Every structure is written in structure tokens, then in C-alpha cells.
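Tertiary structure, described
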Amino acid sequence: MVIKQKKKIMLIAGSRYTQDALYSQLIEYIGAEAEIIKYTIDEGVKPELNSDLFVFSSRESYKEFSQIEKEYKLTSYIIGKRIISYEYLDRVMMLPRKEKIVFVNDTKESAEQGIQELVDLGIDYLDLIPYHPGIIKIPEDIKIAITPGEIDKTPKGIDEVYDIGVRILDFVTIVNILKKLDILDDRIKIFADKYSNKIIDLSKKIMMLSEKNEKTEKFLRQNIVGKGYYAKYSFDDIKGKSEEIVEAKIRAEKLAKTDLTILIDGESGTGKELFASAIHNASKRNKAPFIAVNFSAISDELLESELFGYEEGSFTGAKKGGKIGLFEQADKGTIFLDEIGDISIKMQSKLLRVLQEKEIRRVGADRIIPVDIRIIAATNKDLRQMIQEKQFREDLYYRLKMGYVGLPPLRHRKDDIPIIIESTFESKDMKSRSIDSRVLDVLINYDWPGNIRELINTLMYMSAVCDEKILDISSLPDDRFFGISSESIKDKINIEISINEKSALIAIHNLISKGELASREKIIFKMSDSGHKISDYQIRKIIKNLESKQLLGKAKGSYGLFITQTGKKVITDSL
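As the structure is a computational prediction, the values presented were derived from the model and not from experiment.

**Some words on the overall build of the protein chain**
- Counting secondary structure elements, the protein chain contains 21 helices and 23 strands.
- Considering only contacts within the protein chain whose residues lie at least 6 apart along the sequence, 69% involve residues at least 24 apart.

**Observations regarding the side chain of His 132**
- Relative to the helices and strands, His 132 resides in the loop between strand S7 (127-131) and strand S8 (144-147).
- A residue is classified by how much of its surface remains accessible, and His 132, at 17% relative accessible area, is buried.
- Discounting chain neighbours no more than four positions away, the residues touching His 132 are Asn 105, Asp 106, Thr 107 and Lys 108.

**A closer look at the pattern of salt bridges**
- Under the counting rule described, the total for this entry stands at 22 salt bridges.
- Residues Asp 141 and Lys 100 are paired through a salt bridge, measuring 3.8 Å at the closest nitrogen-oxygen approach. Of this pair, Asp 141 sits in the loop between S7 and S8 while Lys 100 sits in strand S6 (residues 100-104), and the two are 41 residues apart along the sequence.
- By relative accessible area, Asp 141 is classed as partly exposed at 49%.
- The network of salt bridges with common partners includes Glu 150, Asp 152 and Lys 153.

**Description of the sheet that holds S6**
- Strand order in the open sheet formed by four strands is S7-S6-S8-S9, and the pairing between neighbours is parallel. In the strand order of this sheet, the two ends are held by S7 and strand S9 (160-163), each with one partner. On average, each strand axis in the sheet is tilted by 30° relative to the strand beside it, whichever way the strands run.
- Inspection of the sheet shows S8 paired to S9 by four bridges, in the parallel sense. Paired with Ile 144 across the two strands is Glu 160, which belongs to S9.
- Along the sheet, helix H3 (residues 108-120) makes contact with S6 and S7, crossing S7 at roughly 160°.

**Overview of the packing of helix H19 (residues 520-529) against helix H20 (residues 536-548)**
- Running from amino to carboxyl end, H19 crosses H20 at an angle of 100°, the nearest separation of the two axes being 10 Å. In terms of axis orientation, H19 runs roughly perpendicular to H20. The segment H19 lies against H20, with Arg 520, Ile 523, Ile 524 and Met 527 engaging Asp 536, Ile 539, Arg 540 and Ile 543.
- Of the residues belonging to the contact of H19 with H20, the class tally is five nonpolar, no polar and three charged.

**A look at the sheet that holds strand S1 (residues 7-13)**
- One open sheet holds the four strands; their spatial order is S2-S1-S3-S4, and the pairing between them is parallel. Each of the sheet's edge strands pairs with one partner strand only, and the pair in question is strand S2 (34-40) and strand S4 (77-79). With direction set aside, neighbouring strand axes in the sheet form an average angle of 20°.
- Here seven bridges tie S1 to S2, and the two strands are oriented parallel to one another. What sits directly across from Met 10, in S2, is Ile 37.
- Along the sheet, helix H1 (residues 16-30) makes contact with S1 and S2, crossing S2 at roughly 175°.

**A look at the pairing of S2**
- The element S2 is largely enclosed, with a buried count of five among its seven residues.
- On the question of chirality, the crossover connecting S1 to the parallel S2 by way of H1 is right-handed.

**With respect to unusual backbone geometry**
- At Lys 332, a residue that is not glycine, the phi angle is positive and equals roughly 75°.
- Backbone geometry places Asn 451, a non-glycine residue, at a positive phi of 60°.
- By the secondary structure assignment, Asn 451 is in helix H16 (residues 451-465).
- When its relative accessible area of 0% is taken as the criterion, Asn 451 is described as buried.

**Brief notes about the pairing of S7**
- As judged from the five bridges shared by S6 and S7, these two strands associate in the parallel manner. Paired with Val 102 across the strands is Ile 129, a residue of S7.

**Notes on the packing of aromatic side chains**
- Across all of its chains, the model carries ten aromatic pairs by this definition.
- Ring centres 6.2 Å apart and planes at 85° place the aromatic pair Phe 56 and Tyr 77 in the edge-to-face group. One end of the pair, Phe 56, is in strand S3 (residues 53-56); the other, Tyr 77, is in strand S4, with 21 residues separating them in the sequence.
- Residue classification places Tyr 77 among the partly exposed residues on the basis of a relative accessible area of 33%.
- Judged by centre distance (5.1 Å) and plane angle (15°), the rings of Tyr 62 and Tyr 77 are stacked. Of this pair, Tyr 62 sits in helix H2 (residues 59-68) while Tyr 77 is found in strand S4, placing the two residues 15 residues apart along the sequence.
- Taken together, the ring pairs connect Phe 54, Phe 56, Tyr 62, Phe 65 and Tyr 77 into an aromatic cluster.
- The ring of Tyr 23 has Lys 38 sitting right over it, with the charged end atom 4.3 Å from the ring centre.

What counts, and at which threshold
Residues numbered from 1 in each chain as written. Predicted model: local features only at pLDDT ≥ 70, side-chain atom pairs only at ≥ 80, totals over all residues. Heavy atoms only, no water. Helix = DSSP H or I, 4+ residues; strand = E, 2+ residues; numbered from the N terminus. Contact = heavy atoms within 4.5 Å. Buried < 20%, exposed > 50% of the residue type's maximum accessible area, 1.4 Å probe, protein only. Salt bridge = Lys/Arg side-chain N within 4 Å of Asp/Glu carboxyl O. Pairing = 2+ DSSP bridges. Axes fitted to C-alpha atoms, helices over the stretch in contact; angles between N-to-C directions. Parallel < 35°, antiparallel > 145°, perpendicular 65-115°, else oblique. Nonpolar A, V, L, I, M, F, W, Y, C, P; charged D, E, K, R; others polar. Right-handed = clockwise from strand over helix to strand, strands pointing away. Phe/Tyr/Trp six-rings, centres within 6.5 Å; stacked < 30°, edge-to-face > 60°. Lys NZ or Arg CZ within 6 Å of the ring centre and 35° of its normal.

Given below as C-alpha cells:
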């Protein structure tokens, strides 16, 4: 039995506190596959320089290391990108609105970036002021500080310090580490699952706190209410020229001019919220609010109080003065009820009354409040089957289906895939990216059970793991990423190569396996041993062809040729 030797990672951070946090993160994700060695610049400990990969906590730590170890040339390294950890965010969710607070970090850039990350996560109700060493004075009325592990840099005069933990390595950095260690295919599913679970745990914690305190309402809204109170998309944002999508857009545009309740039916990831947003923007209600509610994200008890609002004292934790519900807030506008098939029979009855009577009653109230709203609902479930199984009310179904838009799955509109890819590159700040024609064929031939959402996620993944501008075959994820048990989509790639090309590829493989540089002279010699005599001109042409088929690549510097993952597969298949 051959025991696979673990690769060594040297983790280099500026401080012990940062080092310990990132070390724990790496142990969690790759501790079973790699030996992780720690080095702290502040402590000046001499690093073990024979590591397979160097991971720097920041660009600053990279610069400092380069100055200390001027003689040492790094062969393989990653400069980590960092984000605020979700784990300790509940520590600041209870802070008063508009409170002036300093955000403390080690540099101006990191302090400003930390504030922006909090805002992006929904903490936009605090008056956050960046602070870093070098700032002499802060306003006297500021008594609270938030810091991602930089407590020692907190200015004098602060009464309360909220430590939200060291900023951790982001998703893309971990993916790049897995790629560098050549264990991406083995670990990506495990890593993605753990990453998702952390976000889910935060959502659960937020919901529990939301029942107790009104100041966390912003977070609850972010879990069940989509992206503010405005419709972001128009019909121009729905890309595609296939007959199926064009027909769906024409129907939706006609329905938008009416005030009918609309049911959008389609598989997960087909763009139901995008259509709902476009319908609102094309309607006469487009100047009024658009509120998107996800029924799968919250319990009945919380959902009722969010949708209908409540009176003061109606239940434990109800805030003083009560609260206006989402139906009232959407007055004169549109409310989008996503995942309508997930609501309980009890909530279905209450929703039916809103549709029939155009009125609501707050929790704990006696009076009826009229509302002028348009309802757009969406589902990926078979509601007719649910009606037969007594899980969905038939009368509610027909009320919702006054206007109907069926969205085709991506596998029924494959001509639109190149258009969606181009649009994704434009919208996701990947304008410099392009895609290899053979990779495009693979993406077109795949059935996409996750539809457009899965396609976009796959493009984002490929962009993260591909170092070149052209997304090539080696950047394609395997079947574990797609969550299917069938053969890998890479296996569907049919690459035709000549006998001489195959012989050259095997020769290069044999040279690299022995630690030798795959020069043209050595390749010619190896090929002649196996009965393939070729000239220097011919080997140049062969290498060029293998590169164009993305079976071969050129390493940076003077490291010669290397065989891509697809090239390795061709060799394996030929043996």
C-alpha cells in the first residue's frame, strides 16, 4: 500500500491572532490533505522554506516577507483575499440605529473595506467611521468600536469594543488553494457544503434574534424579502432568442399591462423572480414598491406577522406601537410571493382572503385595513398534484392563476446558452473572459437541472479556478460539483489526435514523471525509442497542435511544458 505524502503549506500572517484564525480555517477545510505550518512576521520566526505552497494572509504580509527573505524566490504562492466572518456578526446586530461607531483595523484600506462588507451584509443602519493607526483623534461622542480582531489598535476613550473576529479567507482563495494542491475535484463539494452551512447557521441565528428584538429586523428582511423595495430587472434583462423564451416574454409583457394576479411556473433557477421584477416595471404600478417574499425561508408564526403586521402587545416581543406588514408596505405596488407551494394550509386561507377581499387584518387587531396590491406568485412545484394530495387549496390555485406564465427549463432552450454566457461575462465584471469552443459545446450538451442559476454558478467557478483569460477544458468541474451521479461531463469531450501527437504527449508525460524538463530534443529522442521518428520542425508543429487542443500548456518562466488535466485523461484513456 502506497501512502500518499502530504503536501506542505506555509501560512504567513502579520500577527499571531490572524495566524491562529486562518490556521483553524485551513485545518477545517484541508487539514486531512496537507501539513500546515505557521509563520508570524511580528514574531520574526524563521520559516521552513521548503513548502509546496505559501499562503499569505494579505498583500501587506507578502511585501513584508519579501523584504525579510530577499534571497528566497517563491515558486508557488497565493495572496489571500479576506472577508468578514459570519460567525460573530450577531454581536453587532443589536447596536442602536444611527449610532456613531468606529470600525478599527490595521490600515485605512482594510478599515474601509470592512465597513463596506458590513453594509453589503445588511448592517447599513450604523454610522460607521473607519479608524486605523495614524489617526490622531476621533470625535468625543463616539464610545463604541467594532473590530475584526484588532482590539489592541482601538483608540482611547472607547467604552465598548465588539470583536467580530479575524477576517477569514474568502471562497475564491480557498478554491485557489485546493487547485494549487491538485485536490480541487476531491474537496470542492465538501468545502462548498461547509461554506453553505455556515451561512444557513447565521440565518437561523438571525431569525431567533428577530423574534426578540426589533433591531434585527433588517436581517430578517434580507432572508425573506428580496433586495429592497424596488424591482431591479426589466424585460431587456431576460436574455435569449429561442422560441420558448420569446413566447414567455411576449405573454408576460401583455399580462404586465393588466392588473391580473399572475402565477409564474418554472423549475428552480429558470428566472422566476427576474420575470416578476420585469412584469412590475412594465406595469402601471412601476412607481410603487416591489416587495419579494420567499415563503421557504421562515416559519408560519413569523411569516404571518411579517406579511400582515401586528398590534402593540399582540405577542411576547412585539415592539411598541406595533408594526406595518409587507402587504401594507406594498400598497399601490406589487408583492411577489416566491415558493408559494411551500406555505401551510393555514397561511393559504389567509392569503386567499387577501386575494378575494383586498384587505388584511394585523395580528392582534380588530380593524380591517384595505390594501391595493398586485400579487405575483411563483412555484417550482406541481400545484395540481398538491391539490390532489390535499396540500394546496384548489380555490387559491385558480385565484393565483388568473394570469399564467410558464418558464421553459434551460435544456429546452439550449440556443440561448451562448447568449446567457456572454451576458454573464458582462454583468459579473468578467469582460476580459472568453470561452473555448469545445467547452461551449460541453455546456450546451449538458442538461442543466439547476437551469440558469446553475450555469451562472458554473461560470463563476470556472473563472475562479482558471488562470487564463480563456476558460478551457481543465477549468470544467466534475460530476461531484454538478451533483449528478452520471459520468463526468468532461468524458463527453471527443478530442481527435494523431498517432504522432499521442506519442509526443506520452513522451512528455514520461519525461515530466521522471522530473526531467520536456525539451524538444528530449521529446524527439523519446519518440524515436517508440518507433516515431520526427524532425525538429514536426515536433514544433505537434506541440503547437497539442496546445491549441488544450492538452498541453507552457509553464511560466523556464519550467517548460506541462500536461493539462484533459491531456492526462487522454493519456489514461490511451493506455
